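Survey of secondary and tertiary structure
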Amino acid sequence: MQIDPGQLLDDGFVILKNVVPPERLDELRASFETLVDRQQANWARDPDDPGCFAYAAKQPRLAFQTVIDAATANTVEFCLHEHTLGVSRQALGTRDVGLKQMILLCNPETAYGPDLWHRDVSHGPTNNAPLAGLQADMLANGPSSVQWNIPLYDDDVLWVVPGSHRRLNTARENQELLNDPRAKLSDCRQVRLKAGDGVIYINTILHWPSNYSTRLRRIIHLRYTSFGGQLYPYGSRFLWEPGFVKHLSPEGQAGFRRFIELAEREDDRIEAFYRAILDQDPEAFRQALALLHPGQTGRMVCVVLLSKLARRIGALKRPELANLPERERASAVGEQTFSIGNLEALARRFTPAETKLLGQRFAPLDSRLQTETEHFVPSLASKPSRWAQEHMPADFDLDDFIASWSQAA
Ligand SMILES: [Fe+2]
């Protein structure tokens, strides 16, 4: 199966036929249904079971890797298929690709109707660089991640605005979204998928879940991130931990071992980056940054993303969290229970004093990432915020960041 990476970059999405090979559709439907039944039994016993992020809500989501066994391992192994991982590698232009997230999106039990138009990037103290920065980084260096919807039954819920991943909202879009954020926008397009087809997309695209109805919906929803491209991916940390890997075939286990190696190599680089900042060593900082973000253009976006990651680590190091159960620690820092171990592994590389000092070093950048008054951008946030959502700090480059370390110390 081939994808045209240029089409993905131009339009922000590409529809592919028979991503699930037709002869495998029944088998995958049966396995996923077994997992839905298993998770529903878990939820009935414990509504906070970590396999769920929103069972009672408009769009139940099943972190299906948490409930597989050997008989249903084909669900996870499908994420390593040439049509999923293989096509994602083509789209990202590197073999060094990791699977960030695998979930099954399901229909609700009662009809909810249309949801909000949005882009899959939230902005705040612990998330993401401003959208125009992410977009400029992508245009200079290529996409850093791709997302998939692969329905097991015909599906036409998703709408997109082609090309909107390359730009901010237009004034007209903002007006339309302020009028009704749940209605059709001008120039949008419905994504009509037959069972087993897939849409691969860049998730900064403006998109709309147009109808959460009770019609049977089973969407394999995947996200792959690049570990070998020219840029550092936003939201790169894996939303799974490897407990389930023992159920996979030897080839499947090898595939996930490779993902873990890639993530550990990246954590080594992130540690070197933070240590250079702690040591106030500009040369080591520039070297570490060049490994994380080889492309010359857009390195400040990487710095912003890592400043936000440092905040999440700092939050996790708070002494009052140390003795809480995992579920409560995860909830206190806005992480998922079934993946908080990934963030904790990085956090363990630093002492509380180091994470505190790191926070101080990033403080001048943090203040540049906030506006004087709250502002609201439809599709990017649910409420007004002071955190910059659209624009990178003006007149603040790598040299300014390096100079700011001593101001903060
Ligand atoms: Fe979305």
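What counts and how
- Residues numbered from 1 in each chain as written.
- Predicted model: local features only at pLDDT ≥ 70, side-chain atom pairs only at ≥ 80, totals over all residues.
- Heavy atoms only, no water.
- Helix = DSSP H or I, 4+ residues; strand = E, 2+ residues; numbered from the N terminus.
- Rg over C-alpha atoms; globule rule 2.2 N^0.38 Å.
- Buried < 20%, exposed > 50% of the residue type's maximum accessible area, 1.4 Å probe, protein only.
- Contact = heavy atoms within 4.5 Å.
- Areas by Shrake-Rupley, 256 points an atom, 1.4 Å probe, with all protein chains shown as cover.
- Lys, Arg positive; Asp, Glu negative; His and termini not counted.
- Charge placed at Lys NZ, Arg CZ, Asp CG, Glu CD.
- Pairing = 2+ DSSP bridges.
- Donors = N, O, S within 2.8 Å, 3.2 Å for Na, K, Ca; no water.
- Axes fitted to C-alpha atoms, helices over the stretch in contact; angles between N-to-C directions.
- Parallel < 35°, antiparallel > 145°, perpendicular 65-115°, else oblique.
- Nonpolar A, V, L, I, M, F, W, Y, C, P; charged D, E, K, R; others polar.
- Salt bridge = Lys/Arg side-chain N within 4 Å of Asp/Glu carboxyl O.
- 1 Å grid on protein atoms, 1.4 Å probe; cavity = no way out; pocket = protein on both sides within 12 Å on 5 of 7 lines; lining within 4 Å.
- Points joined across faces, edges and corners; volume = space filled by probe spheres on them.
- Domains from an automatic or database assignment.

Scanning the protein for helices and strands turns up 13 helices and 11 strands. Here the C-alpha radius of gyration of the protein, 21 Å, is about what a compact globule of 409 residues would show, namely 22 Å. Dimensions of the protein, computed from the C-alpha atoms along their principal axes, are close to 60 × 50 × 40 Å. Buried positions account for 55% of the 409 residues belonging to the protein. A separation threshold of at least 6 residues defines the contact pool for the protein, and within that pool the share at least 24 residues apart is 81%. Entry remark: accessible area of the protein is about 17,100 Å², with carbon and sulfur atoms responsible for 49%. Charged side chains in the protein number 46 positive and 52 negative. The centres of these two groups are separated by 1 Å.

Next up on the list: the sheet that holds strand β1 (residues 13–16). Pairing is antiparallel in the open sheet, where six strands are placed in the order β1-β7-β4-β9-β3-β2. The open sheet terminates on both sides in strands that have one partner only, identified here as β1 and β2 (61–62). Sheet topology places β2 next to strand β3 (residues 97–106); two bridges connect them, and they run antiparallel. For Arg61, the partnering residue across the bridge sits in β3 and is Leu105.

Here we have three strands laid out as an open sheet, ordered β6-β5-β8, and antiparallel in their pairing. In this open sheet, the two edge strands, each paired with only one partner strand, are β6 (189–190) and β8 (207–209). Strand direction decides the pairing type here: strand β5 (residues 158–160) and β8, joined by three bridges, are antiparallel. Looking across to β8, one finds that Val160 is bridged to His207.

Each protein donor to the iron ion is listed here as His118 (NE2), Asp120 (OD) and His207 (NE2); together their distances run 2.1 to 2.2 Å. Donor residues binding the iron ion come from one chain and are separated in sequence as H-x1-D-x86-H. Of this pair, His118 sits in the loop between β3 and α5 (131–141) while His207 sits in strand β8, placing them 89 residues apart in sequence. With relative accessibility at 22%, the residue His118 sits in the partly exposed group.

As a further point, take the packing of helix α9 (residues 299–316) against helix α11 (residues 340–347). Packing of α9 against α11 brings their axes to within 10 Å, and their N-to-C directions diverge by 90°. Regarding the angle of α9 to α11, the classification is roughly perpendicular. Here α9 contributes Leu309, Arg312, Ile313 and Leu316 to the contact with α11, which in turn contributes Ile340, Leu343, Glu344, Leu346 and Ala347. Tallied by class, residues from the contact of α9 with α11 come to seven nonpolar, no polar and two charged.

Right, let's get into the pattern of salt bridges. In this structure the tally under the stated criterion is 27 salt bridges. With a shortest N-O distance of 3.0 Å, Glu261 and Arg258 are connected by a salt bridge. Taken as a pair, Glu261 and Arg258 lie in helix α7 (residues 250–278) at a separation of three residues, close to a single helical turn. The exposure class of Glu261 is partly exposed, given its relative accessible area of 44%. By relative accessible area, which is 34% here, Arg258 ends up partly exposed. One salt-bridge network, held together by shared partners, links Asp268, Glu271, Arg275, Arg349 and Glu354.

The next thing to look at is the layout of surface pockets. Here the second largest pocket defines a volume of roughly 320 Å³. The wall of the second largest pocket is formed by 17 residues, among which Arg237, Ala263, Glu264, Asp267 and Asn342 lie closest to the centre. Among the secondary structure elements, those contributing two or more residues to the lining of the second largest pocket are α7 and α11. With five residues, the single largest contributor to the lining of the second largest pocket is α7. For the lining of the second largest pocket, the class distribution of residues is eight nonpolar, three polar and six charged. Taken domain by domain, the makeup of the lining of the second largest pocket includes at least three residues from each of domain 1 (5–261) and domain 2 (263–408).

Moving on, we come to empty space enclosed by the protein. Applying the stated criterion to the full structure yields two cavities of 30 Å³ or more. There is about 110 Å³ of room inside the largest cavity. In terms of lining residues, the largest cavity is bounded by 16 residues, among which Leu134, Met138, Ser144, Leu231 and Tyr234 are the most central. Among the elements that make up the lining of the largest cavity, the one with the highest residue count is α5 (four residues).

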